[in-house]
Structure formats: C-alpha cells, structure tokens
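# Fold and contact review
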Amino acid sequence: MWPVLLLESCLRNGVYVSVENIFECQSENEQLAVQDGLQLLEFAPQQRPLLEEVLEGLTAEEKSLPAKLHYDQRGSMLFEQICEVDEYYITRTELALMREISGALGDAFGNGCMLIEPGSGASLKTDLLLASMPDPAAYVPVDISRDFLLESATAIADRHDIEVLPVWADFTKGHPIPACEAAVRSRAIYFPGSTVGNFSRSEAASLLRTFGTMIQEQPDDELSGVAGAVVVGFDCKKDQGRMEAAYNDAEGVTAEFNYNVIDRLAGELGVALDRNKFTFRADWVENEGAIVSRLWVDESHSVEMAGTVVTFESGEAIRMEESHKYTPDEFELLAEESGLTMEKIWTDDAGDFAVACLRPLSV
Ligand code: AVJ
C-alpha cells in the first residue's frame, strides 16, 4: 500500500527528477520505513542495474567503475578519514569558508525553506547552514549509503529543531521529494564538498539543470513562493602538485578508499577482482580539467563475471573516479548553460575552494 500512497503524495508535493523513474517508483522499490523515530523514504538504489553498470564499465575500451560505488558504509567512513589527512585541503577549507558565509546563505534562502542535500554523507557543513536558516521548513538528506544516512539524519534531528526527512536513493537516478509538515515557501539544494567534481562537465550541467527544476516547483501555492537557490561548493583549479598530493596521500587512505570498491564487487556483486593485482594512483589530466583516480593492473589476468571473461592487461587501468576542478569563471559558464545564474560566489582568501549561490534564470 505504501508505494501507492507515497506516489500520490510525491506527485502532488514533489518532483520526479526524470520521467523514467516514475515507473521505478511505482514498482516496489519505494518504501517508507521508520527507524530511530525517523521516517525514511527508501528509494532503494537497485542492485541489478548496478551489476550491469559495473559490467558495462569493465568491458569498455577504457575500463571504469562508477564513482558512487565508493560510498558503502566502510567507504563513507574512509571518506571521513580522507577529510582529515594533511594533504586533503578540500574539507577543512570549505568548512572554514562556510563558517564565514552561512549567515549570508541563510538570508538568501529566507523563511520556510526546505533544504535538500543530495549525497549528504555526514552532513557536517549542513549544521552550520541549518543553524543560520530563519525558520526552516524541513531538511531532506539524500544518500546512497542507508546506514550512514540514518546515522547522520538522526544526529541532525537531535541537534536541530527541524523535521528531518531522509531519502535513501542514488540521487543521479532521480527520487521523490517527501512532503513535510510545515508550509514550504521555497526549496533550496545544498550540494557541497565538490561532489559536483565527480561528474563530467556535461553530466554536471544536466545535474544542475535538474536541481534548477527541483527548486522551481512551488509546493504550497497559497503561499507566495520565492525562487529557491542551488548552492554548490566546488574545488578550484590550482597548483598541480597540491591537487595531486590531495589524492595520493602518504598514509594511503585514498588508496584504501579505492581498494574498498574492489572488495565490495566481490562481496556484493560476485565480481571477484583481487585488490592485490592493482596499484592506485591519481593524476591531474589537463584536458579534462580533472584529477583522475585509477587502479593500474600490475600483471595481466582474467576474471569471470556474470558469464563473461574480462581480461585485465598489465599496464592498463580501471578509471575509478574523476574530480573535476573549475575556475570561478568556468563554473559561472557551466551554471549559465544549465539555466541558472550565479548570484554570488565566495572563495577562501587563497582561492582554493568556492561556494556559489545559483538561481533559476527565469523566475
Ligand atoms: C567527495 C567527490 C568531493 O573528489 O575530492 C576524495 C572524493 N576521492 N579523495 C573528491 C574523494 C578521493 C571527493 N568528493
């Protein structure tokens, strides 16, 4: 019964990110669970398409794996550890910047704002933002790692007097926006951490376009809605040595973060790769404007997966993740191509990291 009831309320109060996913939602993969006193909207990232995605990536001319595979429970914890290593400047720079600007962002959102955070993870920076928002309507964290999501959603609900409505979903595949108790004057999307960097430039453009659609919908017609905002944190282009060091940390936490994906494949998808046959390295690739993380094959070997034999030649690599960097000007152009305008941008003094406040062009 729940899926049907939810579907109705979703269509009235929310948006579907893509039309295909309405049908996924109608099938049985959407459920409502109550955990730790929180209502969790389960829009389960499905396993079968994941295996298909993995096979497609590993049988392509240039082998790759989807970057989101990094974020199971262990991977999410390893990412938290990455944020603490000396070389990884991103998180601490962004946190310091958010301390300075969260007041201005809260003002930009206004009263009765529903804050949606795709790929929320530990929601650390969100604390600052929620504390600065005048009378927020609800907080909607969206994450692919169910346990991690519930833990951080519970922690946020304990710390703030706000309705927290977690959604377990792969945000790149679309998901419903839950209805909340308070009246919603606007929606805002918070997309910090340079998560946008994990997408190619054209994927990032369509993601931003989708975010723009999600905030334009005015859920409560009787309230004069205000244009929502999309707030994106991104890492700026800088000295190549510093960028590469951030992804090749001496302690090897980032390497482990990548090997963990290989372990997961065996454990969850029956794709029996052996981590000991690969070496991790991340490089700046100028023409992509990105740090590309790869697992290089040490010696040639073959692995059978779902009936297909895949050969890994020595000297070839599996592309694990891309971390795109932008100059503020490049990012403004990207926003404009996505139907958004850059209302304001803040960076730290060194210009290492930026937070941009984007608005729909036509409201
Ligand atoms: C979470 C995507 C922003 O690309 O910098 C950190 C992930 N990978 N170290 C990034 C990551 C390796 C991170 N993002």
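One can find the structure itself at the top, above this paragraph.
The notes below deal with the structure included here. (Residues numbered from 1 in each chain as written. Predicted model: local features only at pLDDT ≥ 70, side-chain atom pairs only at ≥ 80, totals over all residues.)

Quick look at the site of the ligand now. Every residue near the ligand is listed here: I82, I90, G193, S194, T195, G197, N198, Y247, T254, F257, E321 and S323. Contributions of two or more residues to the shell around the ligand are made by α10 (253-269) and β12 (317-324). Within the shell around the ligand, the residues separate by chemical class into four nonpolar, seven polar and one charged. (Near = placed C-beta within 6 Å. Helix = DSSP H or I, 4+ residues; strand = E, 2+ residues; numbered from the N terminus. Nonpolar A, V, L, I, M, F, W, Y, C, P; charged D, E, K, R; others polar.)

The subject of this paragraph is helix α7 (residues 146-159). For α7, built from 14 residues, the straight-helix expectation of 20 Å at 1.5 Å per residue is met to within 8% by its first-to-last C-alpha distance of 20 Å. All of the buried residues in α7 are F148, L149, S152, A153 and I156. On an axial view of α7, the arc spanned by its buried residues comes to 125 degrees, and they lie on one face. Where α7 is buried, its residues meet β2 (38-43), α4 (73-82), α6 (124-132), β4 (138-143) and β5 (167-168). (Expected span 1.5 Å × (residues − 1). Buried ≥ 20, exposed ≤ 12 C-beta atoms within 10 Å, placed from the backbone. Arc of directions from axis to C-beta. Contact = placed C-beta atoms within 7 Å.)

Direction vectors running N to C along α4 and α10 enclose 165 degrees, while the axes themselves pass 9 Å from each other. Accordingly, the angle class assigned to the pair α4 and α10 is roughly antiparallel. At the point where α4 passes α10, the crossing takes the left-handed sense. Counting all contacts with α4, which are made through R74, G75, L78, F79, Q81 and I82, the residues of α10 involved are V253, T254, E256, F257 and N260. Per-class residue counts for the contact of α4 with α10 are five nonpolar, four polar and two charged. (Axes fitted to C-alpha atoms, helices over the stretch in contact; angles between N-to-C directions. Parallel < 35°, antiparallel > 145°, perpendicular 65-115°, else oblique. Left-handed = near helix turned anticlockwise from the far one by under 90°.)

Don't take any of this as a statement about function, it's just geometry.
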